[in-house]
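Here's the letter readout for the chains.
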Amino acid sequence: RSCIKCWEAVVSTQSTGNMFNPLTETDPYWAEEIRSDVIGECSSFGGVTHVNIDKQDPNGCVYLKAPTTSIAVGCVNSLQGRWFSGKMIKASYMSPSDYHRKFPGS
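Treat the numbers as computed from the prediction; the structure is a model and nothing was measured.

Draft legend 1. Expanded view of the overall build of the protein. Regarding its fold elements, the protein presents 3 helices and 7 strands. Secondary structure elements of the protein, listed N to C terminal, follow the sequence β-β-α-β-β-α-β-β-β-α. For the protein, the residues scored as buried account for 45% of the 106 residues in total. Considering only intrachain contacts with a sequence separation of at least 6, the fraction spanning at least 24 residues in the protein is 64%. Carbon together with sulfur atoms contributes 53% to the accessible area of the protein, which is approximately 5300 Å² in total.

Draft legend 2. Quick look at the side chain of Asp-57. Position of Asp-57 among the secondary structure elements: in the loop between β3 (50-53) and β4 (62-66). The charged side chain of Asp-57 is buried without a salt bridge, its nearest counter-charge being Lys-102 at 6.4 Å. Not counting residues within four places of it along the chain, the set of residues in contact with Asp-57 comprises Phe-20, Pro-22 and Tyr-63.

Draft legend 3. Inspection of the packing of aromatic side chains at higher detail. Enumeration over the complete set of coordinates arrives at 3 aromatic pairs. The interplanar angle of 45 degrees and the centroid separation of 4.8 Å between the aromatic rings of Phe-20 and Trp-30 together place this pair among those described as tilted. With Phe-20 in the loop between β2 (12-17) and α1 (30-43) and Trp-30 in helix α1, this pair connects stretches of sequence that are 10 residues apart. In this pair, the class of Phe-20 matches that of Trp-30, namely buried.

Draft legend 4. Broad picture of the environment of Glu-32. Assignment of secondary structure puts Glu-32 in helix α1. In this structure, the C-alpha to C-alpha distance between Glu-32 and Ile-53, residues 21 residues apart in sequence, is 8.6 Å.

Draft legend 5. Looking closely at the pattern of salt bridges. Counted under the stated rule, the structure contains 2 salt bridges. For Glu-41, the salt bridge is made with Arg-82, and the minimal N-O distance between the two is 2.6 Å. Taken together, the positions of Glu-41 in helix α1 and Arg-82 in the loop between α2 (69-79) and β5 (83-84) put the pair 41 residues apart, joining distant regions of the chain. With relative accessibility at 23%, the residue Glu-41 sits in the partly exposed group. Here Arg-101 ties to Asp-98 by a salt bridge, and the two come within 2.5 Å at their closest N and O atoms. Of the two residues, Arg-101 and Asp-98 both sit in helix α3 (residues 96-102), 3 residues apart, roughly one turn of that helix. According to the relative accessible area criterion, Arg-101 is exposed, its value standing at 59%.

Draft legend 6. Structural view of the environment of Lys-65. Structurally, Lys-65 is set in strand β4. A residue is classified by how much of its surface remains accessible, and Lys-65, at 9% relative accessible area, is buried.

Draft legend 7. Up close: the pairing of β4. When you tally the buried positions in β4, you get 5 out of 5 residues, the bulk of the element. Of the two faces of β4, the one holding Val-62, Leu-64 and Ala-66 and the one holding Tyr-63 and Lys-65 are both buried throughout. Pairing between β3 and β4: 4 bridges, direction antiparallel. Counted as the bridge partner of His-50 is Lys-65 from β4.

Cut-offs and rules
Residues numbered from 1 in each chain as written. Predicted model: local features only at pLDDT ≥ 70, side-chain atom pairs only at ≥ 80, totals over all residues. Heavy atoms only, no water. Helix = DSSP H or I, 4+ residues; strand = E, 2+ residues; numbered from the N terminus. Buried < 20%, exposed > 50% of the residue type's maximum accessible area, 1.4 Å probe, protein only. Contact = heavy atoms within 4.5 Å. Areas by Shrake-Rupley, 256 points an atom, 1.4 Å probe, with all protein chains shown as cover. Lys, Arg positive; Asp, Glu negative; His and termini not counted. Salt bridge = Lys/Arg side-chain N within 4 Å of Asp/Glu carboxyl O. Phe/Tyr/Trp six-rings, centres within 6.5 Å; stacked < 30°, edge-to-face > 60°. Pairing = 2+ DSSP bridges.

Structural data, given as structure tokens:
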């Protein structure tokens, strides 16, 4: 399973999972490629202000921070249920307080 978590301004956060498995990634640039893909996908909704690829998480979590709630909703809706490298993405929200606790200064 993978997870994408996205923070929406001052409201909540999205979690996207199943984007990757750190134990099976072989390309030395895999994290940068995922980051670029996620940024590209979310750019059509207004972009993101922070992205973190959790390279240690076996669930393949990517964390996103969007500047507004509507942008975060667009990102989550766009990513949820899509297939990425043979895995279905699970996108969800994360509370802003949890996001800022995990990524202080984001």
